Structures are given as structure tokens and as C-alpha cells.
Amino acid sequence: MLTLITFLVVLSILVFAHELGHFFVARKLGVKAEEFGFGFPPRAWGFYKNKEGKWKHIFGAKEVGDASDTIFSINWIPLGGFVKLGEDEEGGSDPNHFSNKKIWQRASILSAGVTMNIILAAILISIGFMLGLPQSLDNLNSAAKISDKKIQVIDTLPESPAAKAEIKAGDIIVSINNREFKNQDELQNFVNENNGLELSYKIKRGPDEIIKKITPITISETGRGGIGVGIIETGVVKYPFLIAIWEGIKATIFLTWAIIEAFYYLFKNLILGQGVTGDIAGPVGIASLTGQVARMGFIYVLQFTALLSINLAIINFLPIPALDGGRVLFLIIEKIKGSPVKREVEAAIHKIGFALLMVLILFVTFRDVAKFGDKFKMLWEKIF
């Protein structure tokens, strides 16, 4: 239940922020939104200003004929929100209709959702830095206050002693032979000095502590004794208010660029026929990850939500039909050729793009269910 509730809350925040971006910029540029709603239809309740300038309430999904402006609604399906701007409709002679606005204005409105998701990520990370955010201790601002220092595994070499001992990324090395270490250099020197001798590693994995007996070997990549893990020093980093905002913006820019780079290599490998090297998760996989993060604590949920917000922004701005990036692509084509693509042709392409996206989501969801099947079954049984 914790997994389900957290997943719904996170998804709602991301989608609502995205749609709020579209709505805010549309209003600033004089575009009338027919309806702006929290959650997805059918409508439960709404309010609007009628043509006489009076605020009125409406219950249910019945048609509204006397609205002079946007209908603000709360809907029965509590997932994010939506805004009706009439992108796929003829604008007629209405100067405030989306279709009758200049290309740069329409592009700004379509891009606003993506921008809002990036802004949301920066806000969440900034709040995280004010409260204390888990991160690497490399290249920190001098104003950083550090607590809960750890030496954490970030990677394992295939066929290495660590891999054979089932050491995993994210594991925390608490001690070796009951000896604790101040930093990673001290730990690596100790392991090198005891090359070839069996060592007792105390590992913290989530709430559990486990003991692993591992014998270091000479690692060819370094020429030193080791067990074949990449390690990093992490801790909870906290900043004063203004510095936290600046560090939050910097971290958001860094993460956005890192995710763009990851997508570049993903598509490059697909085009070159090298397959997908990383894991791709769909709704079920993200729900499972959300549950794991929720059990780690609020600050991790904050961090995870920011990461998902950046991912949503980048994916939504890809030049794929049915996504915001695909719609912007048609505006670029309109600018180049001097006239818009026929509305029927564009609508058909968007429908095909949407259908292909649904097929992709179903495929990834199938993989998720196969991978997280046991957890998904447990979640299902707890609900029903």
C-alpha cells in the first residue's frame, strides 16, 4: 500500500506540474484554456466564471455553456492533471485560440510543460539540500555540512571476487576485519596490504547487515590488491538556504545533461544494432523502485521524484509524434515551409505515434512484470 500511494502521489506531482506549465504560459500569451483540471476525467466538481462575471459551481461531467473563461476542475481519477488548449482544433477567427497564435508562442506553450518539470526538479533538489541530501562527497561547496559518512559500492567487475561474493552496487562497507575506515584511500590501502588473505567484510544492504568472506587478488586494471569494486565516499550534505538553491540548480543542470547523454548512447547503440546496455523500466518497474525508495525515507523520495521529473521532461521533448517534442517539430516544419502541415495529416501522424508509444509501454510493462512479478503479485494481493 505504501508503494501504491507513494507512486500515485509522485506521478500526480510530475504530471500536474507539467500541465501547470502549459496552462501558465498559455494564459500569459493570451490563449484561453477551456478547462484545467486536477486528476483525469470524469469531472467530480468544478468552478468557473460565467459570462456575467459571476463564479459558478458545477458537479459532474455535464456540458458548460455559459463559461467566459477556464473551468477549474477536480476529477475522479487522481493522476496528475490536464489542460484543454484546443491544439488539434480549428481556431476560426478567435485571436485567443491556440491555433491562431504565432509559431514562437505555440512553441513556448508546448515547451512549457518540459520547462516546468526541470524547474520542479531544481526546487525539489534545493529543498533536499536544505534538509540534507545523500550524495557523493567529491567537489563539494565549502559551505557544505556533512553527516553520516559512508563508503559505498558503485560498481563490481565481472568475475571478480566481489562479484562472486554477490556484492552489489549500493552496498555500504561498514568494516573489514572489524576495522572501520575514515575514507576510501585508507580502505584501499588496507586491502592492498592484505592481498591474498581472506578478509571479513561487514556489508550494510538496506536495513540488513551481512558478513562476506572475500580474498583480494591483484586487479589488472590497477595493478594493486583489491576485490574488484568501485567505491565512493557518500554522506548527507546540507547547505544554508541561498547556497542550497544555487547548488540545487547546479545539480539539476548536471543531472539533465547526464540523462541526455545516456539517451544519446541508448539511441546510438540501437541504431548501430548493439542493443540496449542498460535497464529500461516502465510503469510497473518505476512503481517497484518507488516502493523501495519510499522505505528508505522521505529525502530519498524527494531525490527520486526530481530524477523522474527530469526524465519525464527529456522524454516528452523527444521529436516523437504525440509528444510535446513531436508537436514542436511540426511547428519547425511549418516555419521552414511557410505553411502548416495539413491538420488531418498531422493528427494521423500523432495518432500513429501514440499507438506506437502504447505498444512500447505494453512491451516494457510485460518485461517489468516478468522481472518484478513477485513484488507485483504481492502488491496486487494486498490491494484486492
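Everything discussed here concerns the structure shown above.
What counts and how
Residues numbered from 1 in each chain as written. Predicted model: local features only at pLDDT ≥ 70, side-chain atom pairs only at ≥ 80, totals over all residues. Heavy atoms only, no water. Helix = DSSP H or I, 4+ residues; strand = E, 2+ residues; numbered from the N terminus. Contact = heavy atoms within 4.5 Å. Salt bridge = Lys/Arg side-chain N within 4 Å of Asp/Glu carboxyl O. Buried < 20%, exposed > 50% of the residue type's maximum accessible area, 1.4 Å probe, protein only. Pairing = 2+ DSSP bridges. Core = buried A, V, L, I, M, F, W, Y, C linked by side-chain atoms within 4.5 Å. Expected span 1.5 Å × (residues − 1). Bend = angle between axes of the 7 residues up to and from the residue. Axes fitted to C-alpha atoms, helices over the stretch in contact; angles between N-to-C directions. Parallel < 35°, antiparallel > 145°, perpendicular 65-115°, else oblique. Left-handed = near helix turned anticlockwise from the far one by under 90°. Nonpolar A, V, L, I, M, F, W, Y, C, P; charged D, E, K, R; others polar. Arc of directions from axis to C-beta. Polar contact = N/O pair within 3.5 Å; in protein donor to acceptor, adjacent residues only side chain to side chain.

**Some words on the environment of Ala143**
Argument step 1. Mapped onto the elements of the fold, Ala143 is located in the loop between β4 (133–136) and β5 (145–156).
Argument step 2. Sequence separation between Ala143 and Pro240 is 97 residues; the distance between their C-alpha atoms is 7.6 Å.
Argument step 3. Apart from the residues within four sequence positions on either side, Ala143 is in contact with Lys238, Tyr239, Pro240 and Ile243.

**Structural notes on the pattern of salt bridges**
Note on pairing: side chains with opposite charge can pair once their charged atoms come close.
Argument step 1. If you walk through the whole model with that rule in mind, you get seven salt bridges.
Argument step 2. Glu35 is the salt-bridge partner of Arg43, the closest N and O atoms lying 3.2 Å from each other. The exposure classification of Arg43 matches that of Glu35, with both residues buried.
Argument step 3. Linking Arg179 and Glu186 is a salt bridge whose minimum nitrogen-to-oxygen distance equals 3.9 Å.

**Points about the environment of Gly81**
Argument step 1. Inspection of the secondary structure puts Gly81 in strand β3 (residues 71–84).
Argument step 2. Judged by its relative accessible area of 1%, Gly81 is buried.
Argument step 3. Note: C-alpha distance between Gly81 and Phe36 (45 residues apart in sequence) is 7.5 Å.
Argument step 4. Excluding residues within four positions of it along the chain, Gly81 makes contact with Val15, Phe16, Glu19, Gly37, Phe38, Gly39 and Phe40.

**What to know about the environment of Ala251**
Argument step 1. As for its placement among the helices and strands, Ala251 is situated in helix α5 (residues 241–271).
Argument step 2. Here the alpha-carbon distance between Ala251 and Ser126, two residues 125 residues apart in the chain, equals 8.9 Å.
Argument step 3. Residues in contact with Ala251, not counting those within four places in the same chain, are Ile125 and Phe129.

**With respect to the pairing of strand β7 (residues 199–205)**
Argument step 1. Where strand β6 (residues 172–176) and β7 come together, four bridges link them in antiparallel fashion. The residue bridging Ile173 from the neighbouring strand is Ile203, located in β7.
Argument step 2. Strand direction decides the pairing type here: β7 and strand β8 (residues 208–214), joined by seven bridges, are antiparallel. The residue bridging Ser200 from the neighbouring strand is Lys213, located in β8.
Argument step 3. Connecting β7 to the next strand, β8, in antiparallel fashion are two residues, including Gly206 with a positive phi near 65°.

**A short note on the nonpolar core**
Argument step 1. The biggest cluster of nonpolar side chains holds 25 residues, and the ones touching the most others in it are Phe129 and Tyr239.
Argument step 2. Residue assignment for this core shows that the elements contributing at least two residues are α1 (2–28), α2 (103–131), α5 and α7 (298–316).
Argument step 3. Looking at which element gives the most residues to this core, the answer is α7, with eight residues.
Argument step 4. Sequence-distant contacts of Tyr239, defined by excluding residues within four places in its chain, comprise Phe129, Met130, Leu140, Asn141, Ala143, Ala144, Ala244 and Glu247.
Argument step 5. Among the nonpolar cores identified, the runner-up in size contains 17 residues, and Val153, Tyr201, Ile203 and Ile227 belong to it.

**Overview of α2**
Argument step 1. For α2, with 29 residues, the first-to-last C-alpha span of 42 Å sits near the 42 Å given by 1.5 Å per residue.
Argument step 2. Of all the bends found along α2, the most pronounced is centred on Ala112 and spans about 40°.

**Here we look at the packing of α2 against α7**
Argument step 1. Put simply, α2 and α7 touch, their axes get as near as 8 Å, and they point 160° apart. The pairing of α2 with α7 is recorded here as roughly antiparallel in orientation. In the crossing of α2 with α7, the sense of the turn from one axis to the other is left-handed. Residues Val114, Asn117, Ile118, Leu120, Ala121, Leu124, Ile125, Ile127, Gly128 and Leu131 of α2 form the contact with α7, whose participating residues are Phe298, Ile299, Leu302, Thr305, Ala306, Ser309, Ile310, Leu312, Ala313 and Asn316.
Argument step 2. In terms of residue class, the contact of α2 with α7 is built from 15 nonpolar, five polar and no charged.

**Overview of helix α4 (residues 184–193)**
Argument step 1. Here α4 has its buried residues at Gln184, Leu187, Phe190 and Val191. Looking straight down α4, one finds its buried side chains confined to an arc of 125°; they lie on one side.
Argument step 2. The inward-facing, buried residues of α4 contact β5, β6, β7, β10 (224–226) and β11 (229–238).
Argument step 3. One side-chain oxygen at the N-terminal end of α4 lies 3.2 Å from the backbone nitrogen of Asp185; it belongs to Asn183.

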